[in-house]
Amino acid sequence: MCGIFGIMYAEDRSDLGTVLTKAAECLTYRGYDSVGAVAVTRQGQADLRKDVGKIEDVAARLKFHELEGNRGIAQLRWATFGVPAQRNAQPHFDTHHRLVGAHNGNVINTVQLIRDLSAKGHIFRGENDGEVVVHALEESYNKHGDLDRAVREARLLLKGDYAFIITALDGDRLFAAKMGSSLYLGVGPDFILVSSDLPSILWLTNRIVTLNDGEYVEFNQEHYEIRSIETGSKIERLPIESKLSPDSASKGDYAFFMQKEIHEQPDRCQALLDFLAASEEVRPFAEELAASKRTYIIGSGSSYNACVIGSYYLNRIGACSTYPVVASAFSEHFGESIRPDDTCVLISQSGETKDLINVLNLLTKRGLANNVLGVVNVLGSTLMMRSRRYLPLLSNLEIAVAATKTFTNQIVLFLALAIEVAKMKGRAGTLIKILQKTPRAIADTIAGMEGAAAELGSRYRDCNDMYTLGYSLTYGSALEAAQKIKEISYAHCEGMYSAEFKHGPLAIITEGYPVFYLSTLEDRQMMLSHINEVTCRQGTALTVSPPSEELEKSSSVFLPLPHADQILVPVLSVVFMQLFAYHLTVEKGFDPDYPRNCSKTITVD
Ligand code: BG6
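Residues numbered from 1 in each chain as written. Predicted model: local features only at pLDDT ≥ 70, side-chain atom pairs only at ≥ 80, totals over all residues. Heavy atoms only, no water.

A.B. asks: Quick question: what am I supposed to make of helix H9 (residues 282-291) here?
C.D. replies: One turn of the α-helix equals 3.6 residues, which is why residues spaced by three or four share an orientation. When H9 is considered as a whole, its buried residues turn out to be Val282, Phe285, Ala286 and Leu289. Axial view of H9: buried residues confined to an arc of 95 degrees, hence all on one face. (Buried < 20%, exposed > 50% of the residue type's maximum accessible area, 1.4 Å probe, protein only. Helix = DSSP H or I, 4+ residues; strand = E, 2+ residues; numbered from the N terminus. Arc of directions from axis to C-beta.)

Set out below in structure tokens:
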């Protein structure tokens, strides 16, 4: 997945390059194989600079700050079509340098279009699908000299999910289209802009216009017009004031966004609980789950891990038949058996993950679009717009690629829904009071355990192989702990159900091999036998659980959580493991915010 940004002012500006660089920095989490920027003056002079590497390096080496003009485009690339190379970096010119543009997403017929358009005389400089988008626009522009028409005709050539920005050097406006990848419009006092995501907009303006798939926008520095890409008909849509704070896109006093976002979890959890307590949306959402004979909760990556924990909460507390499913596996596994009375809860921080959009498209095709409930962090995202009912995570912007505060708010939201269902059935008991403790419990865990996490991070800095095991409520926590360790420290770590470990994986144990056990007090007897299986073979058992003499005596390392409430242990144990993964990564000398090969939101298959 990549990030695009385009802006237009009235007059040429000597700080345009600085604006483009800052906007690109705010999109780094979307892709950091390569980066480029182009500035165009009112006279149509274009200066395009791009290369492989991170924004801070490329912008300094190619002197982005020198770029001047009244309009500009920047692009961050996460490679899919074409290796990370200067020729495949974006933006791209067309054959005769009359157009310049960039895209985000995935044009799946790239190879065929390069062949077909080359046969018509187009000259390609690389293999990138972003370049194909510019040439598809050029194909029509060459015939009619009308960029508005070219935008509408190009969609007939381009297959896949994408968004793009384009401008004609001899023109005086920008065009941008949303065809399956995220794109927002921002309206400022003396400029208008588009971008893949809000962090690169909010530092300039909080007046946001959401765009839907199948729409495109033509704009200059003071006017914009949204149109249907199919019919060209005008769509009226006014800006809304975004409540998101731009400071989310800055690290503050923290070394990395990830550490900042781990420490923001108590506040963001409180914000979510306050919202849920006051919202009219929770009860009807819970009622649907309670009434549903079968509910699939569907996500990718960390969001899938949250689905696993959510399923335990909903089954055990709400007695709701809910099943966690990996988004990319849903159609092959359940596509034929999905029923009209099934409920599908789609959960996604970005609301743009392609695997989720594929599930949305399958359900829509089956006439089941109305069965979709959404849980999203990014308001205005595709998943939010296409869910019949949704609940927000309210985590604010999450910049680090590895999910932390959005993950904990996902599982807290599922816990709140499970308790809401239990309340409806008259069986909530003291659960509501425990739920209200969650922000404080998270804060206590961070304050009380970050030291131990940092010490372990240092002790295991040379370790590249470990397991994290959970049981019942903490199984999803073990999966997420492993995800964090792999995703940012690059150490191999497998998350597994602790009772399964003896069926094969136990063979991996050698002296000192580290195995983390995440346990509630209620499951400690079961966990004790799983710990003993490893320690009696000289493995190292590191147990994260509420205080327990038995667990402490049996473990090589005991890491006591500050709160013992069973339903909070899945949350608190992950918070500790987030801290461990973060410190392990920093000890290894890696960047926890932008791990190699990863991207915050994958909008390709
Ligand atoms: C991956 C990220 O690309 O997408 C993961 O690296 C994330 O951290 C996963 O959990 C799912 O993202 P989302 O936005 O659908 O929750």
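A.B. asks: Teacher, can you tell me more about the packing of helix H10 (residues 301-316) against helix H14 (residues 405-424) here?
C.D. replies: The description of two helices packed together rests on the angle between their axes and the distance between the axes. Where H10 contacts H14, the axes come no closer than 9 Å and their chain directions differ by 20 degrees. Taken together, the axes of H10 and H14 lie roughly parallel to each other. Here the hand of the crossing between H10 and H14 comes out right-handed. Along the contact surface, H10 presents Ser302, Ser303, Asn305, Ala306, Cys307, Ile309, Gly310, Tyr313 and Leu314, while H14 presents Phe407, Gln410, Ile411, Phe414, Leu415, Leu417 and Ala418. Here the residues of the contact of H10 with H14 are counted per class, giving eleven nonpolar, five polar and no charged. (Axes fitted to C-alpha atoms, helices over the stretch in contact; angles between N-to-C directions. Parallel < 35°, antiparallel > 145°, perpendicular 65-115°, else oblique. Left-handed = near helix turned anticlockwise from the far one by under 90°. Contact = heavy atoms within 4.5 Å. Nonpolar A, V, L, I, M, F, W, Y, C, P; charged D, E, K, R; others polar.)

A.B. asks: How do you make sense of the site of the ligand when you look at a structure like this?
C.D. replies: Around the ligand, a shell composed of 14 residues is seen, among which Ser303, Ser348, Gln349, Ser350 and Thr353 lie nearest. Here an oxygen atom of the ligand and a backbone polar atom of Gln349 are 2.8 Å apart. Within the side chain of Glu487, an N or O atom sits 2.9 Å from an oxygen atom of the ligand. Top contributing element to the shell around the ligand by residue count: H10, with three residues. Broken down by class, the residue content of the shell around the ligand amounts to three nonpolar, nine polar and two charged. (Near = heavy atom within 4 Å. Polar contact = N/O pair within 3.5 Å; in protein donor to acceptor, adjacent residues only side chain to side chain.)

A.B. asks: I tried to follow the sheet that holds strand E6 (residues 99-107) on my own but got confused; where do I start?
C.D. replies: Within a sheet, adjacent strands bond to each other through the backbone by hydrogen bonds, running parallel or antiparallel. The seven strands lie next to each other as E5-E6-E7-E8-E12-E13-E14, forming an open sheet whose pairing is antiparallel. Each edge of the sheet is formed by a strand with only one pairing partner; in this case those strands are strand E5 (92-93) and strand E14 (234-235). In the packing of helix H5 (residues 147-154) onto the sheet, contacts are made with E6, strand E7 (160-168), strand E8 (174-179), strand E12 (215-219) and strand E13 (224-228), and the angle to E7 comes to roughly 165 degrees. (Pairing = 2+ DSSP bridges.)

A.B. asks: What is the right way to read helix H3 (residues 110-119) from this model?
C.D. replies: Buried residues of H3: Thr110, Leu113, Ile114 and Leu117, and no others. Buried positions in H3, seen along its axis, are confined to an arc of 105 degrees and lie on one side of it. For H3, the exposed residues set more than 90 degrees away from the buried face come down to Val111, Arg115 and Ala119. Check the buried side of H3 and you find it contacts E6 and helix H4 (129-144). Backbone geometry just downstream of H3 places Gly121 in the positive-phi region, at approximately 105 degrees.

A.B. asks: I keep staring at the pairing of strand E21 (residues 465-470) and nothing clicks. Help me out?
C.D. replies: Judged by how many residues are buried, E21 sits mostly within the fold: five of six residues are covered. Here E21 pairs with strand E22 (residues 492-497) via six bridges, running parallel. Following the sheet pairing, Leu469 is matched in E22 by Met496. In this region the chain leaves E21, passes through helix H17 (residues 475-489) and returns to the parallel neighbour E22; the handedness of that crossover is right-handed. Pairing between E21 and strand E23 (residues 514-518): four bridges, direction parallel. (Right-handed = clockwise from strand over helix to strand, strands pointing away.)

A.B. asks: What is the right way to look at the packing of helix H8 (residues 265-278) against H14 in this model?
C.D. replies: Look at H8 against H14: their axes get within 10 Å of each other, and the N-to-C directions meet at 30 degrees. The crossing of H8 and H14 is right-handed. Contacts between H8 and H14 involve Gln265, Arg268, Cys269, Leu272, Leu273 and Leu276 from the first element and Lys405, Thr408, Asn409, Val412, Leu413 and Ala416 from the second. Here the contact of H8 with H14 is composed, by residue class, of seven nonpolar, three polar and two charged.

A.B. asks: Is there a simple way to think about the packing of aromatic side chains in this case?
C.D. replies: Aromatic ring pairs are described here by two measures, namely the spacing of the ring centres and the angle between the planes. For the structure shown, the criterion picks out 13 aromatic pairs. Both rings, one in Phe330 and one in Phe334, keep their centres 5.8 Å apart while their planes meet at 45 degrees; by these two values the pair is tilted. Taken together, the residues span about one helical turn, with Phe330 and Phe334 both in helix H11 (residues 330-334) at a distance of four residues. With respect to burial, Phe330 and Phe334 carry one shared label: buried. One aromatic cluster in this structure is built from Tyr296, Tyr323, Phe330 and Phe334. Positioned above the aromatic ring of Tyr9, the side-chain terminus of Arg13 is 4.0 Å from the ring centre. The residue whose ring lies beneath Arg596 is Tyr490, and the NZ or CZ to ring-centre distance is 3.6 Å. (Phe/Tyr/Trp six-rings, centres within 6.5 Å; stacked < 30°, edge-to-face > 60°. Lys NZ or Arg CZ within 6 Å of the ring centre and 35° of its normal.)

A.B. asks: Please clarify how the sheet that holds strand E18 (residues 343-348) should be interpreted in this entry.
C.D. replies: With respect to topology, five strands assemble into an open sheet ordered E17-E16-E18-E19-E20, the strand pairing being parallel. Looking at the sheet topology across the chains shown, the edges are occupied by strand E17 (322-326) and strand E20 (389-392). The average undirected angle you get between the axes of adjacent strands in this sheet is 20 degrees. Taken together, the five bridges between E18 and strand E19 (residues 372-376) define a ladder with parallel strand orientation. Note on E19: the bridge partner recorded for Cys344 is Val372. Where H9 meets the sheet, its contacts fall on strand E16 (295-299), E18, E19 and E20, and the angle it forms with E20 comes to roughly 120 degrees.

A.B. asks: What exactly am I supposed to notice about the environment of Ile297 here?
C.D. replies: Within the fold, Ile297 resides in strand E16. According to the relative accessible area criterion, Ile297 is buried, its value standing at 0%. It is 18 Å that separates the C-alpha atoms of Ile297 and Val378, two residues lying 81 residues apart in sequence. Each residue touching Ile297, except ones within four places of it in the same chain, is listed here: Cys307, Gly310, Ser311, Tyr323, Pro324, Val325, Val345 and Phe414.

A.B. asks: Looking at this structure, I do not really get the pattern of salt bridges. What am I missing?
C.D. replies: Here the idea is simple: oppositely charged side chains can pair when their charged atoms come close. Under the criterion given, the structure shown has 42 salt bridges. Linking Arg13 and Asp190 is a salt bridge whose minimum nitrogen-to-oxygen distance equals 3.6 Å. Placement of the pair is Arg13 in strand E1 (residues 3-13) and Asp190 in the loop between strand E9 (184-187) and strand E10 (191-195), with a sequence separation of 177 residues. Judged by relative accessible area, Arg13 falls into the partly exposed class, the value being 25%. Here Arg207 makes a salt bridge to Glu241, at a shortest N to O gap of 3.9 Å. You can see Arg207 sitting in strand E11 (residues 207-210) and its partner Glu241 sitting in strand E15 (residues 240-241), a full 34 residues away along the chain. Judged by relative accessible area, which is 33%, Arg207 ranks as partly exposed. Through salt bridges with shared partners, a single ionic network connects Asp148, Arg152, Asp172, Arg173, Glu218, Glu225 and Arg227. (Salt bridge = Lys/Arg side-chain N within 4 Å of Asp/Glu carboxyl O.)

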